[in-house]
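Secondary and tertiary structure notes
Here are the chains, one letter per residue:
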Amino acid sequence: MKHHSTRDLQSLDEAHHLHPFTDHASLLPDQRRVITRGEGVWLWDSDGNRLLDGMAGLWCAQIGHGRREIADTVHAQMTELSYYNTFFKTTHEPVVHLSAMLAELMPSNINKVFFGTSGSDSNDTALRVVRTYWDLKGRPEKKTIISRQNAYHGSTVAAASLGGMEKMHAQSGMPIPGITHIAQPYWFGEADGMDPSEFGIQTARELEREIDRLGEDKVAAFIAEPIQGAGGVIIPPETYWPEIRRILSEREILFISDEVICGFGRTGSWFGCQTYGTEPDLITMAKGMSSGYLPIAGVGISDDVCEVLNAGGEFFHGYTYSGHPACCAAAIANLQIMRREKLVERVATDIGPYLKERWLALQSHPLIGEARMKGLLGALELVPDKTDLTKRFDEPGKVGEILRDISFKNGLVMRAVRDSLILAPPLTITHGEVDQLIDLVTATLEEGEAVLRKEKILA
Ligand SMILES: *Cc1c(COP(=O)(O)O)cnc(C)c1O
């Protein structure tokens, strides 16, 4: 790679690069941070600043950055077979091995995987699988997918429609027909004083009411993330999933668990459905599958659904890069590292509980209305008045962004969702690094409080 100055890179970026989910009018050239290197939980920028990556890239770098083993495995694979497709009665070793490895990790009723390259395309695939399933069963009227408000299922037209993001739906033509959205189990934001257990049950029962409103004979599937990620790390009350499970067990409706964030150890099990004891028919996965080293994704499909699908002749669907050998090799090496280093167990019994204890203690800070964490997924709700948790800041999102920018400046990457701060570090984070992380969050809260007072956002 040619080495340019930071300023040159920023102006070339400004001239030619359109960033995802970005307001370009307000992104000044000198605000474009150039990331140059990653190792473990650390990132470096082109000015030599070191950052603790509290978001694991975009919720994906389970094993941390810059592991040579992955690069070497991919190098060897590319030297042997850089690419071949899996369409026309062909297969290859990496895709075979990865499929078998995933079958071992997925719930016991799910033993086959259809590959893609992103969480979005996996959810497209899932939508088409469930509708095709009901068509083949002679029930073509079972088409509607029930999803949830403020869900994130990706950014293709189908995935954005499945998702419940208002601003994406405001783009013309979305959501596509045949998808409805029920309430989310967001206790801090929407419970209106109801106690968490009761709120979990009542919110779950929205699914029952929606099925009845639509007619069970019209509903193909329910799709949900075990914990909503991009929606703001919405950890449902413990009563929510058992009640959803009860409802689904009484109804003839497929369940798609979107494991793009919760999969691969994030919640302390290989998949979030295992943490919460739900029984999906399909699971969609991406991000942590390769720890982001190369793009790969997939849909795990249950034996029952596969049987119907495979008896129905050709399924007219596939991607050029379904099961790309180099990406499969990266995923295999990633899973081997995760197993060898017992990263999933570590989240459940060691680093997860340690970070959680320290994270929840931040609740005592005057700016924090709620600190929550499950596995290595956390959120801090920022509030203007701790004595009245129903109060919110006047201009939603502004305080979150201010604090996020302070955190970044101080050397910790967190993400802001509304007025909350989100955390999802690599699963390899050490105890010492957790201590550093908590120090950086504390410093950010202190500095943030001072800035908010100065700007008269806080009294
Ligand atoms: C990121 C994400 C997606 C979309 O994945 P892409 O690889 O960005 O297409 C889907 N679902 C969830 C839960 C996600 O977090």
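Before any of the text, the structure's been laid out above.
Attention in this report is confined to the structure presented alongside it. Note that the structure is predicted; figures quoted are calculated from it, not measured.

1. Notes on the overall build of the protein chain
The helix and strand tally for the protein chain stands at 17 helices and 15 strands. The C-alpha radius of gyration of the protein chain comes to 22 Å, within 12% of the 23 Å expected for a compact globule of 459 residues. Scored against the burial criterion, the 459 residues of the protein chain give a buried share of 54%. If you take every contact in the protein chain between residues at least 6 apart in sequence, the share linking residues at least 24 apart comes to 71%. When the accessible area of the protein chain is evaluated, it comes to approximately 20,400 Å², of which 53% is carbon and sulfur surface. Of the charged side chains in the protein chain, 46 are positive and 62 negative; the average position of the first set lies 1 Å away from that of the second.

2. Here we look at the pairing of strand β11 (residues 368-374)
Judged by how many residues are buried, β11 sits mostly within the fold: seven of seven residues are covered. Where β11 lies against strand β12 (residues 377-382), six bridges are found, and the strand directions are antiparallel. In the strand pairing of β12, Arg 372 is matched with Ala 379. Following β11, the chain reverses through two residues before pairing antiparallel with β12; Gly 375 in that reversal takes a positive phi of roughly 60°.

3. Observations regarding the sheet that holds β11
With antiparallel pairing, four strands are arranged side by side in an open sheet as β11-β12-β15-β14. The sheet terminates laterally at β11 and β14 (415-417), the two strands that pair on one side only. On average, adjacent strands in this sheet sit at an angle of 20° to one another, irrespective of strand direction. As defined by bridge partners, β12 adjoins strand β15 (residues 420-423) across four bridges and the pair is classed as antiparallel. Across the sheet, the residue bridging to Gly 378 is Leu 423, located in β15. On top of the sheet, helix α15 (residues 351-360) reaches β11, β12 and β15; it is set at about 175° to β11, its chief contact. Packing of helix α16 (residues 398-410) onto the sheet brings it into contact with β12, β14 and β15, and relative to β14 it is tilted by some 175°.

4. Some words on the pattern of salt bridges
For the structure shown, the criterion picks out 26 salt bridges. The shortest N-O distance in the salt bridge between Asp 13 and Arg 32 comes to 2.8 Å. With Asp 13 in helix α1 (residues 6-16) and Arg 32 in the loop between α1 and β1 (35-39), this pair connects stretches of sequence that are 19 residues apart. Comparing Asp 13 with Arg 32 shows no difference in burial state: the two are buried. Residue Glu 69 pairs with Arg 340 through a salt bridge whose shortest N-O separation is 2.7 Å. Of the two residues, Glu 69 sits in helix α3 (residues 68-80) while Arg 340 sits in helix α13 (residues 325-340), which places them 271 residues apart along the sequence. When salt bridges with common partners are traced through the structure, they connect Arg 205, Glu 208, Glu 243, Arg 246 and Glu 250 into a single cluster.

5. Overview of the packing of aromatic side chains
Overall, the coordinates contain eleven aromatic pairs when judged by the stated rule. Considering the side-chain rings of Phe 264 and Trp 270, the 6.5 Å spacing of their centres and the 85° angle between planes classify their relative orientation as edge-to-face. In textbook terms, an aromatic cluster arises when at least three aromatic residues are bridged by ring pairs, as seen for Phe 222, Tyr 240, Trp 241, Phe 255 and Tyr 276. In this structure, Arg 37 is placed above the aromatic ring of Trp 44, and the distance from its NZ or CZ to the ring centre is 4.1 Å. Here the basic side chain of Arg 50 rests over the ring of Trp 42, its NZ or CZ set 3.5 Å away from the ring centre.

Conventions used here
Residues numbered from 1 in each chain as written. Predicted model: local features only at pLDDT ≥ 70, side-chain atom pairs only at ≥ 80, totals over all residues. Heavy atoms only, no water. Helix = DSSP H or I, 4+ residues; strand = E, 2+ residues; numbered from the N terminus. Rg over C-alpha atoms; globule rule 2.2 N^0.38 Å. Buried < 20%, exposed > 50% of the residue type's maximum accessible area, 1.4 Å probe, protein only. Contact = heavy atoms within 4.5 Å. Areas by Shrake-Rupley, 256 points an atom, 1.4 Å probe, with all protein chains shown as cover. Lys, Arg positive; Asp, Glu negative; His and termini not counted. Charge placed at Lys NZ, Arg CZ, Asp CG, Glu CD. Pairing = 2+ DSSP bridges. Axes fitted to C-alpha atoms, helices over the stretch in contact; angles between N-to-C directions. Salt bridge = Lys/Arg side-chain N within 4 Å of Asp/Glu carboxyl O. Phe/Tyr/Trp six-rings, centres within 6.5 Å; stacked < 30°, edge-to-face > 60°. Lys NZ or Arg CZ within 6 Å of the ring centre and 35° of its normal.

None of this, on its own, says anything about what the molecule does.
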